[in-house]
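Spelled out from the first residue to the last, the chains are:
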Amino acid sequence: MTGGFRVREQKFICGMNYATAPSMQVDFFEVTEQQHKASTRKKKELATSIAKESYNLRKSGRYLELLANRNFRPGDYSVTYTYNEEHHPAPGDLQRADRDFSNAIKALYRICDKNGIEHPKWIVVSEYCTMDGDKPLGRHHHHVIMSHPAGLTREMVEKAWGKRGASHWSLTTTALNPSQSTSPRTCAANVTGGRAAG
């Protein structure tokens, strides 16, 4: 205890239980001496506020990191689908950009079905081109973390995107080392300014 505060921890495991989880994140937060010595009712109220924080966490970029670490492993794909000038949707046309990605995933599933390959799991965060007055800001593109089932090749992933533009990809490295530039955690952290789905 320092300066009238106590430290409480809250753990988030990326797995089914502590024994099998490949990684874990821990939050430390201060509680006042008054909160520490509070009645059972007050402690329940504090627990409720922590539960609300947990709910909000699911909407945050950190939740994306946890999701990536829970579902993806070293050797999975990190892909960025970009557009060439000919196929780039108009600034602000989010529906078209989302539809392009959805069509690419459907194309990839058809390729997998044709070759007897399991459908990959994926998480996407799309970043969009918007307008600031008369000036377009950024370009539409899609960051994807994708599992690597047996038989799925880089060429198949690129073919699914078609002639819309380029697909930049790499294999993820260890999920346990966030300093690795291609770990699932870092791939997720790099794109938390967009929208996530999966």
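Above this note sits the structure.
Asks: Mind laying out the overall build of the protein chain, listing which residues take part and the relevant values?
Replies: Along the backbone of the protein chain there are 6 helices and 9 strands. Expressed as a percentage of its 198 residues, the buried residues of the protein chain come to 36%. Put simply, of all contacts in the protein chain between residues at least 6 apart along the chain, 66% involve residues at least 24 apart.

Asks: Give me the packing of aromatic side chains: which residues, what numbers.
Replies: Evaluated as defined, the whole model comprises 4 aromatic pairs. Here Tyr-83 and Trp-161 contribute two aromatic rings whose centre-to-centre distance is 5.2 Å and whose plane-to-plane angle is 65 degrees, an arrangement assigned as edge-to-face. Of the two residues, Tyr-83 sits in the loop between strand S3 (77-82) and helix H4 (94-114) while Trp-161 sits in helix H5 (residues 154-161), which places them 78 residues apart along the sequence. Put simply, the rings of Tyr-81, Tyr-83, Phe-101, Trp-122 and Trp-161 touch in pairs and so form one group of aromatic residues. The lysine or arginine in question, Lys-121, covers the ring of Phe-72, its NZ or CZ lying 5.9 Å from the ring centre.

Asks: With reference to specific residues and values, describe the environment of Phe-72.
Replies: The residue Phe-72 is located in the loop between helix H3 (61-71) and S3 in this model. On a C-alpha basis, the gap between Phe-72 and Ser-147 in space is 6.2 Å, while along the polypeptide they are 75 residues apart.

Asks: Run through H5, naming residues and quoting values.
Replies: Among the residues of H5, those classed as buried are Met-156, Val-157, Ala-160 and Trp-161. The buried residues of H5 all sit within an arc of 140 degrees when viewed along its axis, so they share a single face. Turned more than 90 degrees from where H5 packs its buried face, Glu-155 and Lys-159 sit exposed. Phi for Gly-162, located one or two positions after H5, is positive at around 70 degrees.

Asks: How would you sum up the side chain of His-140? Please name residues and give values.
Replies: Among the secondary structure elements, His-140 is positioned in the loop between strand S6 (135-137) and strand S7 (141-146). On the basis of relative accessibility, which here comes to 1%, the residue His-140 falls in the buried class. A polar side-chain atom of His-140 sits 3.2 Å from the main-chain amide nitrogen of Cys-129. Not counting the four nearest positions on each side in its chain, His-140 is found in contact with Tyr-83, His-88, Pro-89, Ala-90, Pro-91, Gly-92, Asp-93, Ala-97, Glu-127, Tyr-128 and Cys-129.

Asks: I'd like a rundown of the nonpolar core, residues and numbers included.
Replies: Membership of the largest hydrophobic core comes to 23 residues, with the highest contact counts inside it found for Tyr-81, Val-144, Met-146 and Leu-152. Secondary-structure elements contributing two or more residues to this core are S3, H4, strand S4 (122-127), S7 and H5. If you tally residues by element for this core, the top one is H4, at 8 residues. Beyond its immediate stretch of four places on either side in the chain, Tyr-81 contacts Phe-101, His-141, His-142, Val-144, Met-146, Val-157, Trp-161, Ala-166 and Ser-167. Counting 6 residues, the second-largest nonpolar core is a separate cluster that includes Leu-64, Phe-72, Ile-123 and Ile-145.

Asks: Go over the pattern of salt bridges, please, and point to the residues and values.
Replies: Going through the model one piece at a time under the given rule, you end up with 4 salt bridges. With a shortest N-O distance of 3.8 Å, Asp-100 and Arg-164 are connected by a salt bridge. Taken as a pair, Asp-100 in helix H4 and Arg-164 in the loop between H5 and strand S8 (167-171) lie far apart in primary sequence, 64 residues in all. Notably, a salt bridge pairs Arg-154 with Glu-158, separated by 2.8 Å at the nearest N-O pair. One end of the pair is Arg-154 and the other is Glu-158, both in helix H5 and 4 residues apart, which spans about a single turn.

Asks: Can you explain H4? Please cite residues and give values.
Replies: In a regular helix each residue adds 1.5 Å, so 21 residues correspond to 30 Å; H4 covers 30 Å between its end C-alpha atoms and thus fits that length. Every buried residue belonging to H4 is among Ala-97, Asp-100, Phe-101, Ala-104, Ile-105, Ala-107, Leu-108, Ile-111 and Cys-112, and all of these are buried. Along the axis of H4, the buried residues cluster in a sector spanning 160 degrees; they form a single face. Of the exposed residues in H4, those oriented more than 90 degrees away from the buried face are Gln-95, Arg-110, Asp-113 and Lys-114. Where H4 is buried, its residues touch S3, S4, S7 and H5. Following H4 by one or two positions, Gly-116 has its phi on the positive side, about 65 degrees.

Calculation criteria
Residues numbered from 1 in each chain as written. Predicted model: local features only at pLDDT ≥ 70, side-chain atom pairs only at ≥ 80, totals over all residues. Heavy atoms only, no water. Helix = DSSP H or I, 4+ residues; strand = E, 2+ residues; numbered from the N terminus. Buried < 20%, exposed > 50% of the residue type's maximum accessible area, 1.4 Å probe, protein only. Contact = heavy atoms within 4.5 Å. Phe/Tyr/Trp six-rings, centres within 6.5 Å; stacked < 30°, edge-to-face > 60°. Lys NZ or Arg CZ within 6 Å of the ring centre and 35° of its normal. Arc of directions from axis to C-beta. Polar contact = N/O pair within 3.5 Å; in protein donor to acceptor, adjacent residues only side chain to side chain. Core = buried A, V, L, I, M, F, W, Y, C linked by side-chain atoms within 4.5 Å. Salt bridge = Lys/Arg side-chain N within 4 Å of Asp/Glu carboxyl O. Expected span 1.5 Å × (residues − 1).

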